[in-house]
Amino acid sequence: MEKKPFDQLGLSPDILKAVEKMGFEEASPIQTAVIPVALTGKDVIGMSSTGSGKTAAFAIPAIERADPKTRAVQVLILCPTRELAVQVAEETGKLAFFKRGIAGVPIYGGQSYERQFRALHQGVQIVIGTPGRVMDHMERGTLKLDALKIIILDEADRMLDMGFREDIEKILTSVPETRQMLFFSATMPRAIQDLIGRYAKDPAWIKIESVAQNRPQVEQTYFEVDRRSKIEALTRLIDVNDFRYGIIFCSTKIMVDELDEHLHARGYATDRLHGDISQSQRDRVMAKFRERKFEFLVATDVAARGLDVDDLEVVFNFDLPNDAEDYTHRIGRTGRAGRTGQAFTFVSGQEIYKLQSMVRWARLDIRRGRIPSLDEVEEARTNVFFEKIRATLEEKRFRPHDHMIDRLLDQGYASTDICSALIHLLQGGAPGLSAATAPAAAPAPAPVAPPPAAPRAGAKAAPAWVKPRLAAKAHDDGAAPAADVAGSASEEGLAGDEPVVRTRTGREPGKATLFFNVGRKELVTPADLVGKIAGVTRLPAGVVGAIDIHQRHALVDVDEHEADFILKKLAGIRLKGVTLAPARATDGGPR
Ligand code: ADP
Ligand code: MG
């Protein structure tokens, strides 16, 4: 596939400076092929895989052909989603950085018309928007396209999938006849060919086949997992590989919500995206994800469409995608930047046949994997822990505690036993064998470490060896059964999983105890409470400490500095049919 340096494509010094500043070393194949043709004003149909640099392929000629002296919209770029429009606008802005007098604005649903109107009114040359909002502005007369020179359709197939066909046709028929059209699509279904046939004028067809080296390096593995064991399988795979940044795809909104809550409850820093979440909230989630403020994004295909993140360590197909197209789209988000990414796909029951047909159709290179056993998860944790101890010793990153150690040695304990006891405590062990059943008044373990069994908190913060899941059942008998979907895993291949049981044996320092008016009577579990608190507040599940579930109430330890926020947020929220009225608990019980 041919690639050229940018300075051989007939570009202005302003653009060459911009691509240099952006760190692009040479033009990608699609850019090499499209840019010179598009600069002549000819219509272009471009096809290439995700991540091949299509944005610059159309944005560069558009910027070059726009006239900075004319303060009217000359370039219209249509994108399927708001998120994509914003990204294309960002990239276009960077490419136009040194072009004086060229300005662009993204317009999309969810943002106030006022603000967009003001921007349009100031006279921008480039407008990037979703078809719906562009139509709205045209109808209101706030977007005038009489001076339009270039119309660009990015991800045309996705736009049609999303039902924008009518809007697109209306836009295409109401812009000047003389306009140039640049048209990008990953696939060429009938509807797209129709559209091209009717609106493009003698276009140049440029198709870049994704050859192996062009294709993202993704190691693909599938796992046959019983539906109910999926969450358990997922967390084991995350733990064993120590993944810290990935997307987990589900097929439904409900599954996204459930999985997000369950992962939260198990101590993973997650957030979610699906069609029922408001646009502004979605933007926040995506921005946070790009900044790696949390570890795993749980999403549906539609919501994640257009979310352009590179560098994912892993993509999980928690549910099998509908077709090979979606599959490739999903896994294309990992393994960029020359590094190998992982794509893990779960199949249950009959789905194996669907996967097989996808493999044949798209010639997927996918192999079968085995879900790690609990022992392997444990071993992986131990290795990480071992490494941390070694690094700490190596770099002498600790204060000496000679006094305490001398006291223990004086009492006749062996140094190896002292170390073993400390590791036991650090790994979440109970302080003495009888303590797990000790009364609530038992002294808390000395605060030598992060709270022993605290779930994995915010992204990188928590020590990697502390990733136990919270109990999926209450600590004493009469406990509610674990929710089905929590999959406490007695399925084949996933046996031997004892939930970690946490008991309030006294409050940890820095925690406040909250009283919740739900209890065993409502069959509430610790996972329900953590899931609800984390879900509603969006705080990492790590703010929740020990939980005690009683017949009619539950006591929940939370980080003191978040206690008031949690109280405020949870008041009036429903859980297990009860409207919550949380309050601070006085020591020893509810008020
Ligand atoms: P596509 O639209 O084909 O999926 P994008 O235009 O979103 O791909 O580009 C994918 C990524 O590659 C972006 O981060 C972009 O900035 C980067 N990129 C584009 N062109 C080049 C280039 N010539 N050299 C290096 N990186 C590039
Ligand atoms: Mg793109």
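Residues numbered from 1 in each chain as written. Chains lettered and ligands numbered in written order. Predicted model: local features only at pLDDT ≥ 70, side-chain atom pairs only at ≥ 80, totals over all residues. Heavy atoms only, no water.

Asks: Before we move on, could you go through a nonpolar patch on the surface and cite the residues and values that matter?
Replies: Together, Ile389, Leu393, Phe398 and Ile423 give the surface a local cluster of nonpolar side chains, amounting to about 340 Å² of exposed area. Its location among the elements puts isoleucine 423 in helix 18 (residues 415-426). (Patch = residues over 30% accessible without salt bridge, like charges linked within 9 Å, V, L, I, M, F, W, Y side chains within 5 Å. Areas by Shrake-Rupley, 256 points an atom, 1.4 Å probe, with all protein chains shown as cover. Salt bridge = Lys/Arg side-chain N within 4 Å of Asp/Glu carboxyl O. Helix = DSSP H or I, 4+ residues; strand = E, 2+ residues; numbered from the N terminus.)

Asks: Now, about the sheet that holds strand 10 (residues 270-273): what can you tell me, with residues and values included?
Replies: Taking strand neighbours across the sheet as the criterion, the seven strands line up as 10-11-9-12-13-8-14 in an open arrangement whose pairing is parallel. Looking along the sheet, the strands with just one partner apiece sit at the ends: strand 10 and strand 14 (366-368). Within this sheet the neighbouring strands show an average axis-to-axis angle of 20°, counted without direction. The sheet contact formed by strand 9 (residues 246-249) and strand 11 (residues 296-299) spans four bridges and is parallel. When the sheet's bridge partners are listed, isoleucine 248 is paired in strand 11 with valine 298. Helix-sheet contacts for helix 14 (residues 324-331) involve strand 8 (218-224), strand 9, strand 12 (314-317), strand 13 (341-347) and strand 14, and the interaxial angle to strand 12 is about 150°. (Pairing = 2+ DSSP bridges. Axes fitted to C-alpha atoms, helices over the stretch in contact; angles between N-to-C directions. Contact = heavy atoms within 4.5 Å.)

Asks: How would you explain the sheet that holds strand 3 (residues 104-107) if you had to name every residue and give the values?
Replies: Taking strand neighbours across the sheet as the criterion, the seven strands line up as 3-4-2-5-6-1-7 in an open arrangement whose pairing is parallel. Two strands bound the open sheet, and with one partner strand each, they are strand 3 and strand 7 (204-207). Across this sheet, the average inter-strand angle for adjacent strands is 15°, counted without regard to direction. Alignment of strand 1 (residues 44-47) against strand 6 (residues 180-184), held across three bridges, turns out to be parallel. In the sheet register, glycine 46 faces strand 6, and the bridge partner there is phenylalanine 184. Each of strand 1, strand 5 (150-153), strand 6 and strand 7 is contacted by helix 9 (residues 190-199), which is oriented at about 170° to strand 6, the strand it contacts most.

Asks: Can you tell me about the pattern of salt bridges, naming the residues and giving the values?
Replies: Under the criterion given, the structure shown has 28 salt bridges. Of the charged contacts, one joins arginine 82 and aspartate 283 as a salt bridge, the two residues approaching to 2.7 Å between their closest N and O atoms. Here the residue arginine 82 occupies a position in helix 4 (residues 82-95), and aspartate 283 occupies one in helix 12 (residues 279-290), the gap between them amounting to 201 residues. A salt bridge links arginine 370 to glutamate 376, with the shortest nitrogen-to-oxygen separation between them at 3.0 Å. A residue is classified by how much of its surface remains accessible, and arginine 370, at 57% relative accessible area, is exposed. Through salt bridges with shared partners, one network takes in Asp257, Asp260, Asp271, Arg272, Lys288 and Arg538. (Buried < 20%, exposed > 50% of the residue type's maximum accessible area, 1.4 Å probe, protein only.)

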